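Descriptive analysis of the structure
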Amino acid sequence: MDGERCDFCFEGKLRSQQIREYYRFGKNLVVIERVPAHVCEKCGQRYYDAHVAKELRRLAKQGTRAKERISFPLVYFDPMKASA
């Protein structure tokens, strides 16, 4: 897929990268590191090979039982403050 045109923005070209993916599984958010993806250099759209997408689902399900956990701050966007 490297060098192919992005199907989302039709302008950028795809480049292979290892990325961090945030995957929702039920009510859980699982962060998966070092995911091979094809990323548009213009808009950032991500594309995955079929076997990678399948593995992401498996890891997300497994990740809900992971022993290693991270925490991060959670903030809420207030549209009333943004319109001022």
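Below is a short write-up of the structure. (Residues numbered from 1 in each chain as written. Predicted model: local features only at pLDDT ≥ 70, side-chain atom pairs only at ≥ 80, totals over all residues. Heavy atoms only, no water.)

Strand direction decides the pairing type here: strand 1 (residues 14-25) and strand 2 (residues 28-40), joined by eleven bridges, are antiparallel. Across the sheet, F25 pairs through a bridge with N28, a residue of strand 2. Where strand 1 folds back on strand 2, the antiparallel hairpin that results is connected by two residues, among which G26 adopts a positive phi of roughly 65°. (Pairing = 2+ DSSP bridges. Helix = DSSP H or I, 4+ residues; strand = E, 2+ residues; numbered from the N terminus.)

With that out of the way, let us pick up the pattern of salt bridges. Under the defined criterion, the tally for this structure stands at five salt bridges. Between E41 and R15 there is a salt bridge, with the nearest N and O atoms lying 3.4 Å from each other. A residue pair is termed long-range when its members are at least 10 positions apart, and E41 in the loop between strand 2 and strand 3 (46-47) and R15 in strand 1 qualify at 26 residues. Judged by relative accessible area, E41 falls into the exposed class, the value being 52%. The shortest N-O distance in the salt bridge between R58 and E55 comes to 2.7 Å. Of this pair, R58 and E55 are both found in helix 1 (residues 50-63), three residues apart, which corresponds to roughly one turn of the helix. (Salt bridge = Lys/Arg side-chain N within 4 Å of Asp/Glu carboxyl O. Buried < 20%, exposed > 50% of the residue type's maximum accessible area, 1.4 Å probe, protein only.)

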